[in-house]
Amino acid sequence: MGKINSRIISLVMVLVITGSLCFVLAGCRKPVPRPAIEDLQSREGLMLVINGTIEGPINYDDDDRVSGFKYSVYWNGTIERTRIRLTSGESDAGSAVLSSSDYMSLYSFCEDAYINDTYDGYQENDIMDGTTYGFTYYPADRDSGVHFYGGYCVHNGALSGAVSMVSSYFKYSVWATPTPVPSASDLQGRSGHMLCVSTSDTVDIRPGKDGYCSVSYYIRWDGEISRYITLGDENGETEYATLSEDDYMKIYSFAQDAYENNTYAYLTTDKDGTVWCNFSYLPPEDEEFTIFSGYLPADNVFCPITDLLESYFE
C-alpha cells in the first residue's frame, strides 16, 4: 500500500510540475491588450516614429541629397512624412489619416514589440545597400519613447510590413515634386521618354528561350504610351495609346517620388521569384534612375502601376 501511495504521489507531482511548466511557458508571451479604437485615438501625442536612413546606393556628388525620411504616427490616427536632406535638414512631406484596420494593426505590432521585447537581439547582417530603419514606440504608461528595433528589416515580415504600410499612404502623392507642382501641359512639353517598364513572367529571363515572355511599356513625356510583347524568339507589333491626364499625373508622381526619395530602396529581389521587372525613370535634368530591377518580392507593390498601364491595351 505504501508503494502504491508513493507512486500516486509521484505521479501527482509530475502532473503538477508539468502543468506549472506549461503555464509558465504559455505565460511567457503576454497577450496584446485590445482597447476600443476610440479609446486609443483619444490619447495625445505620438504613437510611433519610424526613421529611415538611406545606406546606398548614394550619389556623393549631391551635397544636399535626400539622406533619409521619417514617418510620425499619432495616437489620433494622423500620419506625417518628413524628408531629410543632407545639408538643408528636415522638410514637411505631407500627411494622411490611417484607416481603422491599419491603425489597429500598427498598434498591435507596436504594443507586442513593447510588452514582449519581440525584436530584442534581432539583427540582419547580410545586407549592404538599401535603407535601415529605427522604430520608436510611445506607450501609454511611459513618458518617453521606447526604441525597440534598429537596422535592416528585409527578412522580417512584421517589420517590413509596418514600413510598407506607412509608406503606402504616400505612394501617389505629389509632395515630392518641385514647388509649384508642374502641370500636365508643362510636363508634356518635355521630349523623350519619362518611364520604361519591362516585366517577364518566367524563370528564364533570357530572350529567345522557350517559354520566354516579356512585356515592355514606354511612356513618353508627351503622354504617349506604347506596349511591346516578345514571345520566345517572336517579336510582336508595337501598340500605342494616349494616357489620360489623371493617369499621366499618377505615373509621373510615382516615378518622381521614387527618384527624389528612393521610395523603394527597402525592396530586395525575391531569390525564388518568377516575375522579373525593371522600372526606369528618365528625369530630364539627370541620368536614368532605376526604381527597381529584379525578381519581384512576394508583396508586389508595383501592381497598381502595371495594371494601370495594361488597362490601355485590354
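Here, every reference points to the structure presented above.
On a predicted model such as this, the values are computed, not experimentally measured, just so you know. (Residues numbered from 1 in each chain as written. Predicted model: local features only at pLDDT ≥ 70, side-chain atom pairs only at ≥ 80, totals over all residues. Heavy atoms only, no water.)

A few points about the overall build of the chain
Here is the rule we go by: Numbering of helices and strands runs from the N terminus; a helix is a DSSP stretch of H or I covering at least four residues, while a strand is a stretch of E covering at least two. We call two residues in contact whenever any of their non-hydrogen atoms come within 4.5 Å of each other. In short, Shrake-Rupley with a 1.4 Å probe defines the accessible areas, and a residue's cover is counted only from the protein chains shown.
Within the chain, the regular secondary structure consists of seven helices and 13 strands. The long-range fraction of contacts in the chain, counting pairs at least 24 apart against all pairs at least 6 apart in sequence, stands at 62%. Carbon together with sulfur atoms contributes 52% to the accessible area of the chain, which is approximately 16900 Å² in total.

Structural notes on the nonpolar core
Where we set the bar: Among buried residues, those of type Ala, Val, Leu, Ile, Met, Phe, Trp, Tyr and Cys that are joined through side-chain atoms within 4.5 Å constitute a nonpolar core. Only protein chains enter the accessibility calculation, which uses a 1.4 Å probe. A residue is then buried if its area is under 20% of the maximum for its type, exposed if over 50%, and partly exposed in between.
Membership of the largest hydrophobic core comes to 36 residues, with the highest contact counts inside it found for Leu106, Phe109, Phe135 and Phe148. The element contributing the most residues to this core is helix α3 (residues 100–116), with eight residues. Non-local contacts of phenylalanine 135, meaning those with residues more than four positions away in its chain, are made with Val49, Ile50, Phe109, Val146, His147, Phe148, Tyr149, Leu159, Ala162 and Val163.

A few points about the environment of phenylalanine 289
The topology assignment puts phenylalanine 289 in strand β13 (residues 289–295). The exposure class of phenylalanine 289 is buried, given its relative accessible area of 19%. Taking the C-alpha atoms as reference points, phenylalanine 289 and alanine 258, separated by 31 residues in sequence, lie 9.0 Å from one another. Those residues in contact with phenylalanine 289 that lie beyond four places of it in its chain are Ala258, Tyr259, Asn262, Phe279, Ser280 and Tyr281.

Let's talk about the environment of tyrosine 133
Structurally, tyrosine 133 can be placed in strand β5 (residues 130–137). Judged by its relative accessible area of 4%, tyrosine 133 falls in the buried class. Distance in space between the C-alpha atoms of tyrosine 133 and glycine 52 is 4.5 Å, their sequence separation being 81 residues.

A word on a negative patch on the surface
Using the following cut-off: Only residues above 30% relative accessible area that lack a salt bridge enter a patch, with like-charged residues linked at up to 9 Å and the nonpolar side chains Val, Leu, Ile, Met, Phe, Trp and Tyr linked at up to 5 Å. Any Lys or Arg side-chain nitrogen located within 4 Å of an Asp or Glu carboxyl oxygen qualifies as a salt bridge. Counting rule for charge: Lys and Arg are taken as positive, Asp and Glu as negative, and neither His nor the chain ends is counted. A charged residue contributes its charge at one atom only: NZ of Lys, CZ of Arg, CG of Asp or CD of Glu.
Taken together, the side chains of Asp61, Asp62, Asp63, Glu285, Asp286, Glu287 and Glu288 present a region of like negative charge at the surface. Structurally, glutamate 288 is set in the loop between β12 (275–281) and β13.

Things to note about the packing of α3 against helix α4 (residues 157–168)
We apply this condition: Lines fitted to the C-alpha atoms define the axes, with helices restricted to the stretch that makes contact. Angles between their N-to-C directions range from 0 to 180 degrees. Note on convention: the crossing is left-handed when the near helix lies turned anticlockwise from the far helix by less than a right angle, right-handed when the turn is clockwise. Any residue that is not Ala, Val, Leu, Ile, Met, Phe, Trp, Tyr, Cys, Pro, Asp, Glu, Lys or Arg is counted as polar, Gly included; the first ten are nonpolar and the last four charged.
Relative to each other, α3 and α4 sit at 145 degrees, their axes nearing to 11 Å. In this structure, α3 crosses over α4, and the sense of that crossing is left-handed. Residues Asp102, Ser105, Leu106 and Phe109 of α3 lie in contact with α4, whose contacting residues are Ala158, Leu159, Ala162, Met165 and Val166. Of the residues that constitute the contact of α3 with α4, the class distribution is seven nonpolar, one polar and one charged.

Remarks on the packing of aromatic side chains
The condition is simple: For Phe, Tyr and Trp, rings pair up if their centres lie within 6.5 Å, where Trp contributes its six-membered ring, and each pair is then called stacked (planes under 30 degrees apart), edge-to-face (over 60) or tilted (otherwise).
Tallied over the entire structure, the rule returns 22 aromatic pairs. Ring geometry for phenylalanine 109 against phenylalanine 135: centres 5.9 Å apart, planes inclined by 70 degrees, an arrangement best described as edge-to-face. Of the two residues, phenylalanine 109 is situated in helix α3 and phenylalanine 135 in strand β5; the sequence distance between them amounts to 26 residues. Exposure remark for phenylalanine 135: the relative accessible area of 0% places this residue in the buried category. Ring centres 5.6 Å apart and planes at 70 degrees place the aromatic pair tyrosine 259 and phenylalanine 289 in the edge-to-face group.

Quick word on helix α6 (residues 245–261)
Spelled out, the test is: Here the expected span of a helix is defined as 1.5 Å times the quantity of residues minus one.
The first and last C-alpha atoms of α6 sit 24 Å apart over 17 residues, in line with the 24 Å expected at 1.5 Å per residue. Across the 17 residues that make up α6, a large majority, 14, are buried. Positive phi appears at asparagine 262, one or two residues downstream of α6, with a value of about 50 degrees.

A short note on the pattern of salt bridges
Here the structure, examined in full by the defined rule, presents three salt bridges. Here the residues in one salt-bridge network are Arg227, Glu239 and Glu310, joined through shared partners.

With respect to the pairing of β12
On a regular strand, one side chain projects to one face of the sheet and the next to the other, so that they alternate. This is how the line gets drawn: DSSP-based pairing: two strands are paired if at least 2 bridges between them are found.
In terms of burial, β12 is largely enclosed, as five of its seven residues are buried. Here strand β7 (residues 193–201) pairs with β12 via seven bridges, running antiparallel. The residue bridging cysteine 196 from the neighbouring strand is serine 280, located in β12.

Describing the environment of isoleucine 54
With respect to the helices and strands, the residue isoleucine 54 is situated in strand β1 (residues 46–56). A relative accessible area of 9% means that isoleucine 54 is categorised as buried. As a C-alpha pair, isoleucine 54 and valine 66 span twelve residues in sequence and 8.1 Å in three-dimensional space. For isoleucine 54, the contacting residues outside a window of four places in its chain are Val66, Ser67, Gly68, Phe69, Gly130, Thr131, Asn261 and Asn262.

Examining the pairing of strand β3 (residues 78–85)
Taken together, the seven bridges between strand β2 (residues 66–74) and β3 define a ladder with antiparallel strand orientation. Residue glycine 68 lies in a different strand from β3, and its bridge partner there is isoleucine 84. Hairpin connection of β2 to β3: three residues between the antiparallel strands, including glycine 77 at a positive phi of 105 degrees.

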